[in-house]
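Spelled out, the chains give:
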There are 2 protein chains.
Amino acid sequence: MQAPNPDSLFPVAGVTLGVAEAGVRKANRKDLVVMSLVEGSTVAGVFTKNRYCAAPVQVCREHLAASSAMRAIVVNTGNANAGTGADGLARARRTCDALAAQMGLSAAQILPFSTGVIMETLPVERIEAGLPAALADLAPAHWAKAAEGIMTTDTLPKAASRQVTIGGQTVTVTGISKGAGMIRPNMATMLGFVATDAAIAPELVQPLVKRAADASFNRITIDGDTSTNDSFVLIATHQAGNAPITALDSAEGAALQEAIVAVARELAQAIVRDGEGATKFISITIEGGRTEDECCQAAYAIAHSPLVKTAFFASDPNLGRILAAVGYAGIDDLDQTLIEMHLDDVHVVTQGGRNPSYREEDGQRVMKQAEISVRVNLGRGAARATVWTCDLSHDYVSINADYRS
Amino acid sequence: MQAPNPDSLFPVAGVTLGVAEAGVRKANRKDLVVMSLVEGSTVAGVFTKNRYCAAPVQVCREHLAASSAMRAIVVNTGNANAGTGADGLARARRTCDALAAQMGLSAAQILPFSTGVIMETLPVERIEAGLPAALADLAPAHWAKAAEGIMTTDTLPKAASRQVTIGGQTVTVTGISKGAGMIRPNMATMLGFVATDAAIAPELVQPLVKRAADASFNRITIDGDTSTNDSFVLIATHQAGNAPITALDSAEGAALQEAIVAVARELAQAIVRDGEGATKFISITIEGGRTEDECCQAAYAIAHSPLVKTAFFASDPNLGRILAAVGYAGIDDLDQTLIEMHLDDVHVVTQGGRNPSYREEDGQRVMKQAEISVRVNLGRGAARATVWTCDLSHDYVSINADYRS
């Protein structure tokens, strides 16, 4: 995996980004990002379903419930402002107040985001002090820099960009994300921001962000830990000059949705590829299920099994562990004699047992790859789902045993 | 943790045990155990809810459905005979046939158990060849030796024993168990066998094994992986000379149940203490829940979180990770502002946020201990539940990355 080339990231008309070093947790580190949105922009988001959601998530929900006409986004790393009670909520509001004052906006036009350590007091005065530098840095070309500015344990910044032609106009979709641990998004990832200049009816932005999340961030997992701060935000600045899109199932709506899903999926997969300690990228497809939900259930059981994940790390085709995970996924009337399993092109399991023609060296060959696909057919229906995950390595333990030190 | 002292394990009248080296997977390793039960014994069991249950589990269920009057138990390690389809089932039956022929029993009077690698063909001919040596070894005092004979990645054998006086007679309860990975029993552990010589109405043995499992093996987890082979079996030989127990809620029934639960819990906790790579033993109690189920849900979310488990490994009081796990446990209407958390005697969280009087060094002190208790109050009811688990260390990864090699 490589850092995104800044030149491959198209600016989005109506969006500028600025980055500063506020010293939230550590000095000399880009840890504060401001995105300024042109007047008239529409913003929608999906947020963690963790009941212990962070203070900034609560403020975002509150502001978006009142209006989708946001004008700025502010992100700090180093401190998640989660598990911080009423005091944390006050500090998230104070961040919005400070930025509103400096930008000549109202606090309700600002969405705050935090990511980092949980249950520590947010040093809001450092964020206030850092805002002028971030505002002075605002520029349309700063997407790659902003991707760096929202990193925590990420080893690489994550950004993606697409251009499509809609109604004869070039429309841009560009986004950034962060996250490497505590990743099993439920509605959204740690942090993801995607912006488009497409003109689109404002009421379509919310269903669009939900669809994009379900096809991307809601299908990845690293360690099964759903963060307190997961947030995925879609910004539409309406600046592209296309005739406004009025339905998602029109040709224009579909083209925009496809571009947004492509960007969101690239960002989500980049999070998995950069998973804490990850050495392999694994696609798990469950097919032949009765419902998409039960396919997801089985896929996540495999993706979260520490035994499966360590086998991938070891390149060991100990594939019975995958069967065991399917078996305990909670599909109560599963018939094991109907199960088929493929590892890439290798047919490993048939009628629930080892395929007589399966040879260990074929499994071994696939397990050594950097990208592996597992395909399990449940033999009970036509539904399917794919989940992306990574392996569990020594480095995952090292990173998380040392995270705060 | 230490190996049990063989002298502390009371023999159970009517039970003899024999061990052999059958070379199922590796040579020169005790890997075959036979338990012979006196005529008139009653046997009941609880088995994995994994839908990919192993062939021997299927045979056990079948035999126990027909009768509780079992006469022998045979256990092999090195191969789980799971994910092996119809051929695996035939091999499990052949094991019973072979032992029946050598003991002069019918195959239906025998319960077979296997544990080890999944999805490999069971070398049943090696088991057949090993049976005479196991039978020649049968003796009442061989509980400790049998505990060794059922080990796989266990570093220590697990056994426990109690004597209680019931109706003026000394009654014995002795048991053995194994398991160190793929441990999140759902009905029972990898393998657990408890025998008592108490005289008891045969129809009470099944409810008794269920109650004992729910208070012990069904409350432990190491890695969240529910095995394909989990089995917990209770044997009553009725030889103690007490007036037969006719109700579990009588004084005599309660005394026996208490002794059986004590043995089962000691065996279950021994599995956690010997968890793959485990360096810490952690008790997680959730109280103030509306139902025991939701308390278990929250306790397991904490117990399965790789982030929580690595923090325990590192002795790092990164306790926000525990709050995050409570938040994503799936209790939809949880009010985070009512949460209280203690780490041993240290009051860490109050009203959902950091307790102002909590000092990091107090958390640090507790996290350094070899045994740690986490207590979370949900503030919404009177139910409670306790789950036992261990930390996630580098050695867990090493052990499971190398298991088959």
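Reading the values: the criteria
- Residues numbered from 1 in each chain as written.
- Chains lettered and ligands numbered in written order.
- Predicted model: local features only at pLDDT ≥ 70, side-chain atom pairs only at ≥ 80, totals over all residues.
- Heavy atoms only, no water.
- Helix = DSSP H or I, 4+ residues; strand = E, 2+ residues; numbered from the N terminus.
- Buried < 20%, exposed > 50% of the residue type's maximum accessible area, 1.4 Å probe, protein only.
- Areas by Shrake-Rupley, 256 points an atom, 1.4 Å probe, with all protein chains shown as cover.
- Lys, Arg positive; Asp, Glu negative; His and termini not counted.
- Charge placed at Lys NZ, Arg CZ, Asp CG, Glu CD.
- Contact = heavy atoms within 4.5 Å.
- Buried area = accessible area lost by both parts, 1.4 Å probe.
- Salt bridge = Lys/Arg side-chain N within 4 Å of Asp/Glu carboxyl O.
- Polar contact = N/O pair within 3.5 Å; in protein donor to acceptor, adjacent residues only side chain to side chain.
- Nonpolar A, V, L, I, M, F, W, Y, C, P; charged D, E, K, R; others polar.
- Phe/Tyr/Trp six-rings, centres within 6.5 Å; stacked < 30°, edge-to-face > 60°.
- Lys NZ or Arg CZ within 6 Å of the ring centre and 35° of its normal.
- Least-squares fit on C-alpha atoms with pLDDT ≥ 70 in both.
- Core = buried A, V, L, I, M, F, W, Y, C linked by side-chain atoms within 4.5 Å.
- pLDDT = per-residue confidence, 0-100.
- Axes fitted to C-alpha atoms, helices over the stretch in contact; angles between N-to-C directions.
- Parallel < 35°, antiparallel > 145°, perpendicular 65-115°, else oblique.
- Left-handed = near helix turned anticlockwise from the far one by under 90°.
- Pairing = 2+ DSSP bridges.
- Expected span 1.5 Å × (residues − 1).

Topic: the overall build of chain A
Then, number 1: The helix and strand tally for chain A stands at eleven helices and 15 strands.
Then, number 2: Based on the C-alpha atoms only, the size of chain A along its principal axes is roughly 70 × 55 × 40 Å.
Then, number 3: Sorting the 405 residues of chain A into buried and exposed places 63% on the buried side.
Then, number 4: With the model as given, the accessible surface of chain A reaches about 13,500 Å², and the carbon-plus-sulfur share is 48%.
Then, number 5: Computing the positive centroid from 34 side-chain charges and the negative centroid from 43, chain A places the two 2 Å apart.

Considering the interface of chain B and chain A
Then, number 1: Each partner contributes to the interface: chain B provides 58 residues, whereas chain A provides 58 residues.
Then, number 2: A buried area of about 4,900 Å², summed over both sides, lies between chain B and chain A, and 56% of it is on carbon and sulfur atoms.
Then, number 3: Scanning the region where chain B abuts chain A turns up zero salt bridges.
Then, number 4: Summed over the shared surface of chain B and chain A, the number is 22 residue pairs in polar contact (both at pLDDT 80 or more).
Then, number 5: At the level of secondary structure, the elements contributing two or more residues to the side of chain B that touches chain A comprise helix H8 (306-313), helix H9 (320-327), strand E12 (346-350), strand E13 (353-354) and helix H11 (394-402) of chain B.
Then, number 6: Here the side of chain B that touches chain A takes six residues from H11 of chain B, the largest share from any one element.
Then, number 7: Residue composition of the side of chain B that touches chain A, grouped by class: 25 nonpolar, 20 polar and 13 charged.

Remarks on unusual backbone geometry
Residues and elements named next belong to chain A.
Then, number 1: Not every positive phi belongs to a glycine, and serine 315 is a case in point at roughly 55 degrees.
Then, number 2: Tracing the chain through its elements places serine 315 in the loop between helix H8 (306-313) and helix H9 (320-327).
Then, number 3: Look at aspartate 344: it is not a glycine, yet its phi comes out positive at around 50 degrees.
Then, number 4: The topology assignment puts aspartate 344 in the loop between strand E11 (340-343) and strand E12 (346-350).

Let's talk about the packing of aromatic side chains
Residue and element names in this part refer to chain A.
Then, number 1: According to the stated counting rule, one finds four aromatic pairs over all chains in the structure shown.
Then, number 2: Ring centres 5.0 Å apart and planes at 90 degrees place the aromatic pair phenylalanine 113 and phenylalanine 193 in the edge-to-face group. In this pair, phenylalanine 113 sits in strand E5 (residues 110-117) while phenylalanine 193 sits in strand E8 (residues 191-196), placing the two residues 80 residues apart along the sequence. Phenylalanine 193 shares its class with phenylalanine 113; the two are buried.
Then, number 3: For the cation-ring pair, arginine 273 lies above phenylalanine 281, with the distance from its terminal atom to the ring centre recorded as 3.9 Å.

Thoughts on the environment of glutamate 258 of chain A
All names here are of chain A.
Then, number 1: On the secondary structure map, glutamate 258 appears in helix H6 (residues 251-273).
Then, number 2: Judged by relative accessible area, glutamate 258 falls into the exposed class, the value being 61%.
Then, number 3: Considered as a pair, glutamate 258 and alanine 212 are 46 residues apart in the sequence and their alpha carbons are 8.8 Å apart.

Quick notes on the relation of the copies chain B and chain A
Then, number 1: For the pair chain B and chain A, the best superposition has an RMSD of 0.1 Å and corresponds to a rotation of 180 degrees with a translation of 0.0 Å parallel to the axis. Given the turn and translation reported, the copies of this chain are related as if by a two-fold rotation axis. The position closest to the rotation axis in chain B is occupied by the C-alpha of histidine 394 of chain B, lying 2.8 Å away.
Then, number 2: Mapped onto chain A, 100% of the interface residues of chain B are again interface residues, and the two copies thus contact each other with one and the same surface.

With respect to the nonpolar core
Then, number 1: The biggest cluster of nonpolar side chains holds 162 residues, and the ones touching the most others in it are Met35, Phe113, Phe193 and Val376 of chain A together with Phe113, Phe193 and Val376 of chain B.
Then, number 2: With sequence-adjacent residues up to four places away left out, phenylalanine 193 of chain A is seen in contact with Met35, Ile73, Val75, Phe113, Trp143, Ile150, Thr174, Gly175, Ile176 and Val233 of chain A.

So, the confidence of the model for chain A
Then, number 1: With 98% of its residues at a pLDDT of 70 or more, chain A shows a mean pLDDT of 91.
Then, number 2: Averaged over each element, pLDDT in chain A is lowest for helix H11 (residues 394-402) of chain A (84) and highest for helix H3 (residues 124-136) of chain A (98).

Concerning the packing of helix H5 (residues 205-214) of chain B against helix H6 (residues 251-273) of chain B
All names here are of chain B.
Then, number 1: Where H5 meets H6, the closest approach of the two axes is 9 Å, and the angle between their N-to-C directions is 45 degrees. Comparing the axis directions of H5 and H6 gives the class oblique. Remark: the crossing between H5 and H6 carries right-handed chirality. Residues Leu208, Arg211 and Ala212 of H5 lie in contact with H6, whose contacting residues are Leu256, Gln257, Ile260, Val261 and Ala264.
Then, number 2: Across the contact of H5 with H6, the residue classes tally to six nonpolar, one polar and one charged.

Points about the side chain of threonine 174 of chain A
Residues and elements named next belong to chain A.
Then, number 1: If you trace the backbone, threonine 174 turns up in strand E7 (residues 169-178).
Then, number 2: On the accessibility criterion, threonine 174 (0% relative accessible area) is buried.
Then, number 3: The contact partners of threonine 174, leaving out residues within four places of it in the chain, are Leu9, Phe10, Val12, Trp143, Ala160, Ser161, Phe193, Val194, Ala195 and Val263.

Here's the deal with the sheet that holds strand E6 (residues 158-166) of chain B
All names here are of chain B.
Then, number 1: Spatially, the five strands line up as an open sheet ordered E3-E9-E8-E7-E6, and their pairing is mixed. Each edge of the sheet is formed by a strand with only one pairing partner; in this case those strands are strand E3 (42-47) and E6. Pairs of neighbouring strands in the sheet enclose a mean axial angle of 15 degrees, with direction left out of account.
Then, number 2: With six bridges connecting them, strand E8 (residues 191-196) and strand E9 (residues 231-236) associate as parallel partners. Looking at the pairing, valine 194 lines up with leucine 234 of E9.
Then, number 3: Contacting E3 and E9, H5 crosses the sheet at an angle of about 40 degrees to E3.
Then, number 4: Lying on the sheet, H6 is in contact with E6, strand E7 (169-178), E8 and E9; it crosses E6 at an angle near 165 degrees.

Overview of helix H1 (residues 55-66) of chain B
Residues and elements named next belong to chain B.
Then, number 1: Counted at 1.5 Å a residue, the expected span for H1 with its twelve residues is 16 Å, and the 17 Å between its end C-alpha atoms agrees.
Then, number 2: Of all the residues in H1, the buried ones are Ala55, Pro56, Val57, Val59, Cys60, His63 and Leu64.
Then, number 3: For H1, the secondary structure elements touched by its buried residues are E3, helix H2 (85-103), strand E5 (110-117) and E9.

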